[in-house]
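Each chain is listed here by its residues.
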Amino acid sequence: MRLTTFGVGYVGLVTSTGLAEIGHQVLCLDVDADKIARLERGEIPIYEPGLGDLVKRNERSGRLHFSTQLVSPYDDSDLYFIAVGTPPNPDGSADLRAVFSACETLAASAKKPSLVVVKSTVPVGTCDLVQARLDELAPGRFEVVSNPEFLKEGSALEDFFKPDRIVIGARSDKAKATMRALYKPLQLLGERLVITDPLSSELVKYASNTMLAMRVSFMNELSRLCHVTGANIHAVRAGVGSDSRIGRKFLYAGPGYGGSCFPKDVQALAALGRAKGVQLRLAEATHAANGEQANFLAMLVSDAIGDLRGKRVALWGLAFKPETDDVRDAPSLKLAQALLDAGAEVVGHDPEGAQNFIKALGHPRASVVDSEYAALKGAHALILLTEWRCYRAPEFADIRALLVGERPVAVDARNIWSPAEVEAAGLHYVGIGVPSNGAGRS
Ligand SMILES: NC(=O)c1ccc[n+]([C@@H]2O[C@H](COP(=O)([O-])OP(=O)(O)OC[C@H]3O[C@@H](n4cnc5c(N)ncnc54)[C@H](O)[C@@H]3O)[C@@H](O)[C@H]2O)c1
């Protein structure tokens, strides 16, 4: 098939590359001329494991192309994917301007009747609005299908090639059959399609992310309760997660969720509820609890090292999760801002996200370094924020030697270190909902 993707971000580039890899001809179209120029030069604008090699291979094979315009022969594509950003408006609702702008381009340039597949995360009812707009601009030419994306940054290619499920919201049998055929090569071991109407499909995406965010926020709230009662969040997680109805995944307390999806999708679902007169209290509370966790973390740091003025604090892990360079809404940004506001100097390290962090923060007292140990020199505290593999088994004696003060603090915001090991090196261990003399993660 001949395919075009509008929006070449994390979703658009991974999806387009994956579709080219299974044999389709794909045009990646983005309004960001600089991004397209970089891709044409062979540079990959984001970090996603394995993506660079796959992009190059498919470009060489002539199946993957980049452009800022809907150029021939892609103006008669069989399918157009919309994978543009849907960032939050100030009230939390989704900003859909890029989605509708892509539709305008499409209606003005596409030559033949085709499917328009909305992969961007959009509020319930958006596909119908997109259909109405396209019908206005080019009557009878397009059918709009909802196909929300569930990839996880850091394992996006694996998620593309081995999806847990593929959700499709379509109205006509023809559209359903086309989508089924498109995804057949990814389901050789058995179909994992959920085919429904566009409204339900759109809601599946928000419901999934909010459910996951809710689990994280609940554990984060419990970690705060552990902090004041002396209970240990590791034991609580093990006990709760052993119930097969609950399961063990997504029960880790930490610095709060971040990234480009959970924060905005939880807020967008809450905003949609408000707009429709249905108060989604759990979505609202999940968002509020996440904000409180950032404050809790800042409090743990200031409790440990007191007045922050003039003190240097080292941050390990700036991306919102391992194996990505994405710092959008990352806990590192919230914490760094709180530390800077309190007068501290912040030195960060991240294997991939350091430059994005510095660009997003833009503060004269914040800097990044290339080696994790270099960040520690002269710092009063180390805070581990993202559990990249390189931080999992550090030399605590070396950390102790580089940090300053009588008993410098190591704040383990992912609860991955052994408190006993950290303390044995002469550091003061602080975890999230873990007593400093308590057991480590099991
Ligand atoms: N990043 C994720 O992990 C993820 C996962 C699932 C779903 N999503 C959803 O997918 C969508 C895209 O997310 P992303 O992280 O890839 O975003 P992104 O910000 O990385 O990329 C979006 C791209 O769209 C481009 N764009 C904007 N307007 C355009 C237009 N009119 N025509 C062509 N291109 C245009 C931008 O220049 C940008 O390059 C969002 O709705 C997001 O919620 C993201």
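That block above? That's the structure.
In what follows, the accompanying structure is described.

What counts, and at which threshold
- Residue indices follow the written sequence of each chain, beginning from 1 at its first position.
- Restriction of local features to residues with pLDDT of at least 70 applies here, the model being predicted, together with a cutoff of 80 or more for giving and counting side-chain atom pairs; totals for whole chains, interfaces and linings are based on all residues.
- In computing side-chain values, all of the structure's heavy atoms are included and hydrogens and water are not.
- Numbered from the N terminus, helices here are DSSP runs of H or I no shorter than four residues, and strands are runs of E no shorter than two.
- The buried label applies to any residue whose accessible area, calculated with a 1.4 Å probe on protein chains only, is under 20% of its type's maximum; exposed applies above 50%, and partly exposed to all values in between.
- Whenever two N or O atoms come within 3.5 Å, that pair is a polar contact, provided that in protein one can donate a hydrogen and the other can accept it, and provided that, for residues adjacent in sequence, both atoms are side-chain atoms.
- In this description, contact between two residues means that some pair of their heavy atoms is separated by no more than 4.5 Å.
- A pair of strands is considered paired only if DSSP assigns at least 2 bridges between the two.
- To get an axis, a line is fitted to the C-alpha atoms, and for a helix only the part in contact is used. The angle between two axes follows their N-to-C directions and goes from 0 to 180 degrees.

## Topic: the side chain of Asp 95
Then comes step 1: Mapped onto the fold, Asp 95 is located in the loop between strand E4 (79-82) and helix H4 (97-109).
Then comes step 2: For Asp 95, a relative accessible area of 11% corresponds to the buried category.
Then comes step 3: Reaching out from Asp 95, the side chain makes a polar contact with the side chain of Arg 97 at a distance of 2.6 Å.
Then comes step 4: With residues near it in sequence (within four places) discarded, Asp 95 still touches Gly 85, Thr 86, Pro 87 and Asn 89.

## Things to note about the sheet that holds strand E12 (residues 381-384)
Then comes step 1: Read across the sheet, six strands follow the order E11-E10-E9-E12-E13-E14 without closing on themselves; strand pairing throughout is parallel. Two strands close off the open sheet at either side, each with one partner strand: strand E11 (366-368) and strand E14 (428-431). Neighbouring strand axes in the sheet, compared pairwise and without regard to direction, differ in orientation by 20° on average.
Then comes step 2: Direction of pairing for strand E9 (residues 312-316) relative to E12: parallel, over a ladder of four bridges. Residue pairing in the sheet places Trp 316 in a bridge with Leu 384 of E12.
Then comes step 3: Contacts from helix H12 (residues 331-341) reach E9, strand E10 (345-349), E11 and E12, with the element oriented near 180° to E9.
Then comes step 4: Sitting on the sheet, helix H13 (residues 354-361) touches E9 and E11, and the angle it makes with E11 is about 165°.

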